Structure formats: structure tokens, C-alpha cells
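Fold and contact review
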Amino acid sequence: MIFPEDFVWGAATASYQIEGAVKEDGRGQSIWDTFSHTPGKVVDGDTGDVACDHYHRYKDDIGLMRELRLGAYRFSIAWPRIQPDGAGPVNPRGLAFYDKLVDELLAAEISPYATLYHWDLPQALEDRGGWTNRDTAYRFADYAAAVHDRLGDRVHTWATLNEPWVSAYLGYGNGVHAPGRRDPAEAMRSAHHLLLGHGLAARRLRPGTVMLVVNSAPVLTPAQVGDPSAVPSEADAAAVHRIHALLTRQFLDPAVHGTYPAEVLEAAARNGGTEHIRDGDLALINAPIDLIGINYYNPCVVESGPGLPADAAWPGSEDVRFAAADAPTTAMGWPIVPDGLSRLLIRLSHDYPEVGLMVTENGAAFDDVVENGRVHDADRLAYLDGHLREVWRAVQAGADLRGYLVWSLLDNFEWAEGYRRRFGIVHVDYPTQTRVLKDSALWYRDVIARNGL
Ligand code: NCW
């Protein structure tokens, strides 16, 4: 299985998950500092205070990337390092870090892919309503422009938001993520303002390749997990259709086509109303983009559940049962369904033919053990191998897929799960900050060298 010649192989991380150095060089506070320091919010009381100490070790970490021969490295920029209060003049010391990071990547012949928002909103903006406040979208666009001004001569690929569904619905819906608010109306309002921020920022990232990164998944009935040809009942098909609209089309239809699915407007109407969607907003959100970034981990499995109330993370999901998949799971409890990825990529390439696709995250957490300086992570290696075969299948089927980035380069701060969940292909021993390439990393190096499996 050899991939197209220009196929991009890489790995991804996010600022709060790896950098540490939360008080250095004028960095302001983010909602994740506040949240992780609030007792009971993160497993074991873990915080990103030190994380992988990447802020100080970035050169060594780029050395590891070079060893793996990564073609691209997707990192995120911590907004509170650039604008400590989320507005106003940029903090030169904060920008200097990313400046050095980018130069070091280029020297290692690794293309830098910068994500502007991977969940670390400046706390000062949250104090003014966070993403429930329309003004945050405008602040985000200004921040994006400031970063592009400084790095745009060397960074050519930009992602505006990472997984706006998660920001809105785990941050403001079920409260599992920062800022930990629980209100379906606020969550839907936030989703719209995130999209507005995306559209306003996208226009300010030229020249450059611009993408929106979504956590997408094929929505399947339990029977369809094992048998793609299974035909769902009418009621199950309706549940699938509605959840697909809430998870994926809510973000990609406005961004790519300038429309909201009816299911999203109905959900908003029943949860606080649609007044926050102003005339002209959809045209602003519908800024041209080049790529959709897809973070895929597992399918979303649903069936009809008459009488069930909406899940807190899913306003509009009344009468739907979120079901378990009949499949093995990772340490996150997420089902392993590799062909979910090819099904998703093929569907998205049909639904959004005007944009290219990139797998911007895929990977798995398992309980790794270090033995004699090695990590034999056969489960992760099999997960990645199985998913890459599906990526290849999607390419063969004609999907316009430009590359694949593993989540994650390093073990890191896995949000509400803290450090106990390890997604890295590189093991991090937190007390000593020692890095060890896991077997999956050595295997990935060979995949990259061969441009295939
Ligand atoms: S938690 C999550 N992740 C992991 C995280 O480390 C990374 O920063 C994210 O981009 C791995 O990839 C993403 N995604 C949230 C998945 C939410 C599942 C929704 C469950 C419904 C309630």
C-alpha cells in the first residue's frame, strides 16, 4: 500500500497539553489553568503547569520529530501567550517562542502547521462571557491576524479552531471541559460564535492554506458497526441523520456551504432561541477554506430512544439513545472501528467536494509499560496500522486526502483525564521528562520512509 507521492505524514500536539511554563514570558491565564486548578475537575488533580515541559525542551522534541522523519508537525498556539488578556497589543515574548519553534522546525525540514485555538481561551475573555459572547469571535480574528503577521512568512498551513463541537458542548454544555458551564442554550450560542470566529479569522490568514478541524465520526446504528450494509429502521435512520447534523454538519455546512442544517436551527430554537444568529453571519462564516481537518477516533453509535431526554452534550438529541459499539476499546473506553475512518472520509468527500481533506488527528490511548527502556505498544501500533489501511482505502476510492497526522507525538495532559491517559507514540516519564520512542513510533518512522505500509 503505497500512498500518493505528495502525501503528508506528521504528528500533532496542542499547547496546553504539552508546553508547561504557564507563568513564563508574560503568558496570561487560560480557562484550562482555572479549570485544572479547580478541585474535582481533572482526574488526580492534574494540571498543565509543567506537562511535557515542551516550552523548554522544544529543540529536543524537534530532534525526535526529525528522527521519525515527520513531514509536518501540527502544534497549537496558546492565545494567552500572545495576548495575555485576549485583546490588545501582542506580547513579544510569547510570540518569540513560536517564532523559534517554527525556525527550528524549518531547519529540520518539517512543515509547521499552526492551530490557532486548541481550547486555551484567555481567562479574561471568559470573564466577559467567553464563547457565549459574540465579541470573542472578533477578538479571535484579531489574534489570528496578529499571529499571521508574525509567522505567515514561514507558516503556510493554518487551522483556525480545533474541534469546535468539543469547545462548545463539553465546555458549555456538559461542563466536562473548561470553562465547565452546563447550559444547552449557552453551548449552542458558543458553537455559533466559534464558527463566526472561524470565518472572520479565515479571511485574515492569507496568503496561506486554511483549514477548520472538526471531531467528526460516522454516525452508525449498533448493527452498522459490524455490517456497513445493515439497513436501519426508519426511526433509527432518523436518529442517525439528526446526530450527524449536530456533530458534523453543524460546523461544516456553515463553513463550506454557508447554511445551517434544519436540525441545528430546530435545536437552537428549543434551547434559548436563534436570535444570536444574525443576518449576514452565515456569509461571514462561509469564508473560503482549503481543507477540512478531520480528527477521527471512533464512530458515534446511536439508535432511536423514544422518550429519552437530550444528552447534556447534545442539545437537540431528544429521543436518541447513545449506544455502545460491539468492538474492543482503547483505554479511553472508545471503540476501535478502523473502517469508520474510510466510511467517514468517503462521505465527507462526497458532501464537501469543493475542499480537500486531511486527517489532522488519529490515535489511541493505551496503558503503556516501560520495560528495559522500551515500550512495546502493540495495541497502539495495531490501531494505527488498521486505520492507515482505511485511509489508503479512502484514497483509492477517490477521496481528496492530503495527509495523515498521528495524535499524538508525545504522551501529554489529556484534559479532564489528566496524565493517566497516554496517546503518545513517544513515551514521557513525567518526573524526569525522559522521552522514549515507543514501538509505534519506530514503526511509524518506517511507514513514513516507505510512504506506505
Ligand atoms: S478529548 C478529545 N481529544 C483528545 C485530545 O487529547 C485532543 O486534544 C483532542 O483534539 C484526542 O483528540 C481530541 N476529543 C474529545 C472527544 C469527545 C468525545 C465526545 C463524547 C461525547 C460526549
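Note that the coordinates shown come from a computational prediction; the quantities given were computed from them, not determined experimentally.

What follows deals with the nonpolar core. Trp-32, Tyr-117, Tyr-404 and Tyr-444 are the most contacted members of the largest nonpolar core, which totals 148 residues. Counting residues in hydrophobic clusters, the runner-up holds nine residues, among them Val-8, Ala-159, Val-213 and Met-358.

It is worth spelling out the sheet that holds strand β9 (residues 320–322) at this point. Across the sheet, three strands lie side by side as β6-β8-β9; this open sheet has mixed pairing. With partners counted over all chains shown, the strands left at the sheet margins are β6 (219–220) and β9, one partner each. Where β6 and strand β8 (residues 300–304) come together, two bridges link them in parallel fashion. Residue pairing across strands places Leu-220 opposite Val-301, the latter belonging to β8.

The positions that UniProt labels "binding site: substrate" (unreviewed entry) are, in the present scheme, Gln-17, His-118, Asn-162, Tyr-297, Trp-407, Glu-414 and Trp-415. Tracing the backbone through its elements, the reader meets Gln-17 in helix α1 (residues 15–18). Separated by 3.0 Å, the side chain of Gln-17 and the backbone oxygen of Phe-413 make a polar contact. Within the secondary structure, Trp-407 sits in strand β13 (residues 401–407).

Time to look at the sheet that holds β13. Taken in spatial order, the eight strands line up as β1-β2-β3-β4-β5-β7-β10-β13 and close into a barrel, and their pairing is parallel. This sheet shows a mean twist of 25 degrees between the axes of neighbouring strands, independent of strand direction. Alignment of strand β2 (residues 72–76) against strand β3 (residues 111–117), held across five bridges, turns out to be parallel. When the sheet's bridge partners are listed, Ala-72 is paired in β3 with Ser-111. Running at roughly 155 degrees to strand β1 (residues 8–12), helix α16 (residues 439–450) makes contact with β1 and β13 of the sheet.

What surrounds the ligand is a group of 13 residues, the closest being Gln-17, His-118, Tyr-297, Glu-361 and Glu-414. Contacts to the ligand include Asn-162, whose side-chain N or O atom sits 3.2 Å from an oxygen atom. One nitrogen or oxygen atom from the side chain of Glu-163 is found 3.3 Å from a nitrogen atom belonging to the ligand. In the complex, the protein chains occlude 80% of the 540 Å² of accessible area that the ligand would expose alone. Among the residues forming the shell around the ligand, the class breakdown is six nonpolar, four polar and three charged.

Sites flagged by UniProt as "active site" (unreviewed entry) map to Glu-163 and Glu-361. Separation in sequence by 199 residues is not matched in space for these annotated residues, since their most distant C-alpha atoms are only 10.6 Å apart. By the element assignment, Glu-163 lies in the loop between β4 (157–162) and α8 (164–169). Setting aside residues no more than four positions away along its own chain, Glu-163 makes contact with Trp-119, Val-213, Val-214, Asn-215, Asn-295, Tyr-297 and Glu-361. Along the chain, the position of Glu-361 falls in strand β10 (residues 356–361). Excluding residues within four positions of it along the chain, Glu-361 makes contact with Ala-12, Arg-74, His-118, Asn-162, Glu-163, Ile-294, Asn-295, Tyr-296, Tyr-297, Leu-405 and Trp-407. A polar contact of 3.1 Å, which involves the side chain of Glu-361, links it to the side chain of Asn-295.

About the criteria used
Every residue gets a number counted from 1 within its own chain, in the order that chain's sequence is written. Reporting in this predicted model follows two pLDDT cut-offs: at least 70 for local features of residues, and 80 or more for side-chain atom pairs to be given and counted; totals over whole chains, interfaces and linings ignore these cut-offs and use all residues. Hydrogens and waters are ignored; side-chain quantities use all the structure's heavy atoms. Only buried residues count toward a nonpolar core, which is a set of Ala, Val, Leu, Ile, Met, Phe, Trp, Tyr and Cys residues joined through side-chain atoms within 4.5 Å. For every residue, the accessible area obtained with a 1.4 Å probe (protein chains only) is divided by the maximum for its type, and the residue is called buried under 20%, exposed over 50%, and partly exposed between those limits. By definition, two strands form a pair when at least two bridges between them are found by DSSP. Helix numbers and strand numbers start at the N terminus; a helix is a DSSP run of H or I with at least 4 residues, a strand a run of E with at least 2. UniProt positions are given in the numbering used here, feature names are shortened, and annotations may be inferred rather than shown by experiment. Residues adjacent in sequence count toward polar contacts only when both atoms are side-chain atoms; beyond that, a polar contact is any pair of N or O atoms within 3.5 Å, and within protein one must be able to donate a hydrogen and the other to accept it. Axis geometry follows a simple rule: fit a line to the C-alpha atoms, using only the stretch in contact for helices, then measure angles between N-to-C directions, giving values from 0 to 180 degrees. We call two residues contacting when some pair of their heavy atoms lies within 4.5 Å. Here, proximity means that at least one heavy atom of the residue falls within 4 Å of the molecule or strand. Throughout, the Shrake-Rupley method with a 1.4 Å probe supplies accessible areas, and for residues the shown protein chains are the sole cover considered. Put simply, Ala, Val, Leu, Ile, Met, Phe, Trp, Tyr, Cys and Pro go in the nonpolar bin, Asp, Glu, Lys and Arg in the charged bin, and everything else, Gly too, in the polar bin.

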